[in-house]
Amino acid sequence: MKSKVIALSLCALLFFGLSQVQMVHSQKNSLPKPTIVTDKKEAFDKGLKQRNNKSVVEKNSTVKLLNSNGRSEGSLKIKKSKNRSNDMAIEQTVKVLIVGDEEFRSKYSDWQQRAIDVVEGSDDAYIRDHQIDFEIVGIARWQSTGTDPVLLSDLPPKWYNSTAYDLVVGITNDSRFPYGGVAYLSPINNIGYSVIRYYDSTTSQYIARHEISHNYGLQHDPSGNQPVCMMNYTYSYYVDTWDPAHNYQLEQNKGWYGEGILSK
C-alpha cells in the first residue's frame, strides 16, 4: 500500500504536510489515488448514550445474504417504513454491501438487522440534502484477521472487483480496532470502502455518515466551535449536517457512486 497515505488525524495531516494528501477532483476520469482517513475513537465515545432514532427505509427490497466467500445463504426482506414521506426526491441510488465481522456477529444475534439500521439511518441526511439513497443489496459475513489494525485491507479481496456494489461498509467489534471508523478518500475501481466500529445502531449511524462522507472525498474540518458540521470532531457524533463547503463538494462528487440522473 505504498501509494496510500494514512491520515491519523487532522493534526497528523498538518504535521506531515498537506503535500501528502491526495487532492480530490469532481470528475471521475481524474480521481485521486486512494487515501486512508482514520477517525478518533474518542470523538464517537462521547455519543454512546442510547438514542431512539428510527431509521427510515425508503422502499421494500430483498437483500442477499452471503457467507464469507460471497456465496448465497438466502435472502432477507426489508420493508418500507410507514413514516417514509412520498415526496422525498431521489436523484442517485447507491448500492451497498454490508459486511459484519466475527466479533460483531458473535456479540449480537440480530446483527443483520442492526447493520441494516446503521446504513438505512445513515442515508437520511444524504437523501434530505443531496437526494442520494443508499440501497442495501447484500449482507455478508466477514472474517477480519486484525493483522492490519486499520482493517480496510482485511475486507475480502473479491469485493474489490465487484460491479454489483457501489459502497462496501464493514462493521466491526474487533477489540484491536483502535478507531471510530476508517475510510478511503476516493473510490477503488468505482467502489467506496469504509469500516466502522459498532456501538449502538444510532451512534454508529453517525459514524457511517461521517465515513461515507470521506468516500465522497470530504476531509475533516478543524476541531472547534465552527463550522457546525459532521466532519468537525466537535460535532461528529450528534450533528447530521454538512457545512456549506462540504455540501458543495459532496454535490460535485455525488456522481462518483450509483446510478440516477448522474452517469457514472
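Residues numbered from 1 in each chain as written. Predicted model: local features only at pLDDT ≥ 70, side-chain atom pairs only at ≥ 80, totals over all residues. Heavy atoms only, no water.

In the nomenclature of an unreviewed UniProt entry, the protein chain corresponds to Metallo-peptidase family M12 from the organism Marininema mesophilum.

The predicted model of the protein chain has a mean per-residue pLDDT of 77, with 69% of residues at 70 or higher. By mean pLDDT, the top-scoring element of the protein chain is helix 6 (residues 244-253) (96), and the lowest-scoring one is helix 1 (residues 10-16) (25). Overall, residues 1-33 carries pLDDT values under 50, and its contacts beyond four positions in sequence, including any with other chains, amount to 58 contacts. Confidence over residues 48-52 falls short of pLDDT 50; this stretch has eleven contacts with residues more than four positions distant or in other chains. (pLDDT = per-residue confidence, 0-100. Helix = DSSP H or I, 4+ residues; strand = E, 2+ residues; numbered from the N terminus. Contact = heavy atoms within 4.5 Å.)

Looking along the chain, the bond that leaves Q226 and enters P227 is cis, with omega of -5 degrees. Mapping P227 onto the fold places it in the loop between helix 5 (201-215) and helix 6. Positive phi, close to 55 degrees, is recorded for Q131, a residue that is not glycine. Here Q131 lies in the loop between helix 4 (111-130) and strand 6 (132-142). We note that N190 has phi near 70 degrees; this positive angle belongs to a residue other than glycine. By the secondary structure assignment, N190 is in the loop between strand 8 (179-184) and strand 9 (192-197). On the accessibility criterion, N190 (41% relative accessible area) is partly exposed. (Buried < 20%, exposed > 50% of the residue type's maximum accessible area, 1.4 Å probe, protein only.)

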